[in-house]
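Per-entry structural report
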Amino acid sequence: MCSSDLSLILEEVGDVPLLMERCQHLCDMLALPYPLETGQREFVATVSASIGIALWNGAVDAEESLIKAADRALYEAKGSGKNRCVLSSQES
């Protein structure tokens, strides 16, 4: 199994529940088994993705703070079982 970390930068997100639904759908689609063939054998690859999301809300004063908030959310997603999305609370 392969695990991936994703960073997404989105502007003007008006529907946070829809954003979370779409991100989870992305995780679910990536997690589908993917059959691969090499010269002598076949095997099934599986991938999981953890996504940390931070939204710009005016309370964050710098890009670095936004990146750190997304990173905290990413590690929360990984720590809670991987293959999921977590929205940052953006607290310092």
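Given the structure is predicted, the values throughout are model-derived calculations rather than measurements.

1. Re the overall build of the chain
The secondary structure content of the chain amounts to two helices and five strands. Helices (α) and strands (β) of the chain occur, in sequence order from the N terminus, as β-α-β-β-β-α-β. Scored against the burial criterion, the 92 residues of the chain give a buried share of 22%. Relative to all contacts within the chain whose residues are 6 or more apart in sequence, the contacts with residues 24 or more apart total 61%. Carbon together with sulfur atoms contributes 53% to the accessible area of the chain, which is approximately 6700 Å² in total.

2. A few points about the pairing of strand E2 (residues 34-37)
Pairing of E2 with strand E3 (residues 42-45) involves four bridges; the strand directions are antiparallel. Along E3, the bridge assignment pairs Pro-35 with Val-44. Hairpin connection from E2 to E3: four residues lie between these consecutive antiparallel strands.

3. Notes on the nonpolar core
Membership of the largest hydrophobic core is limited to seven residues, which are Leu-19, Cys-23, Cys-27, Ala-49, Ile-51, Ile-53 and Cys-85. Looking at this core, the elements that each hand over two or more residues are helix H1 (16-30) and strand E4 (47-53).

4. Focus on the environment of Tyr-34
Note on placement: Tyr-34 falls in strand E2. Sequence-wise, Tyr-34 and Thr-46 are 12 residues apart; in three dimensions their C-alpha atoms are separated by 6.3 Å. The contacts of Tyr-34, once residues within four sequence positions are left out, are Phe-43, Val-44 and Ala-45.

5. Observations regarding H1
Along its 15 residues, H1 runs 21 Å from first to last C-alpha, staying within 8% of the 21 Å computed at 1.5 Å per residue. Those residues of H1 that fall on the buried side of the exposure criterion are Leu-19, Cys-23 and Cys-27. The arc that holds the buried residues of H1, viewed along the axis, is 75°, so those residues lie on one side. Seen from the buried face of H1, the exposed residues on the opposite side, beyond 90 degrees, are Pro-17, Glu-21 and Arg-22. Check the buried side of H1 and you find it contacts E4 and strand E5 (85-87). Two to three positions downstream of the cap, the backbone nitrogen of Leu-18 sits 3.1 Å from a side-chain oxygen, assigning the N-cap of H1 to Asp-15.

6. Section: unusual backbone geometry
Positioned with a positive phi, Lys-82 is a non-glycine residue whose angle comes to about 65°. Looking at where Lys-82 falls in the secondary structure, it is placed in the loop between helix H2 (63-79) and E5. Judged by its relative accessible area of 40%, Lys-82 is partly exposed. At Asn-83, a residue that is not glycine, the phi angle is positive and equals roughly 50°.

Conventions we followed
Residues numbered from 1 in each chain as written. Predicted model: local features only at pLDDT ≥ 70, side-chain atom pairs only at ≥ 80, totals over all residues. Heavy atoms only, no water. Helix = DSSP H or I, 4+ residues; strand = E, 2+ residues; numbered from the N terminus. Buried < 20%, exposed > 50% of the residue type's maximum accessible area, 1.4 Å probe, protein only. Contact = heavy atoms within 4.5 Å. Areas by Shrake-Rupley, 256 points an atom, 1.4 Å probe, with all protein chains shown as cover. Pairing = 2+ DSSP bridges. Core = buried A, V, L, I, M, F, W, Y, C linked by side-chain atoms within 4.5 Å. Expected span 1.5 Å × (residues − 1). Arc of directions from axis to C-beta. Polar contact = N/O pair within 3.5 Å; in protein donor to acceptor, adjacent residues only side chain to side chain.

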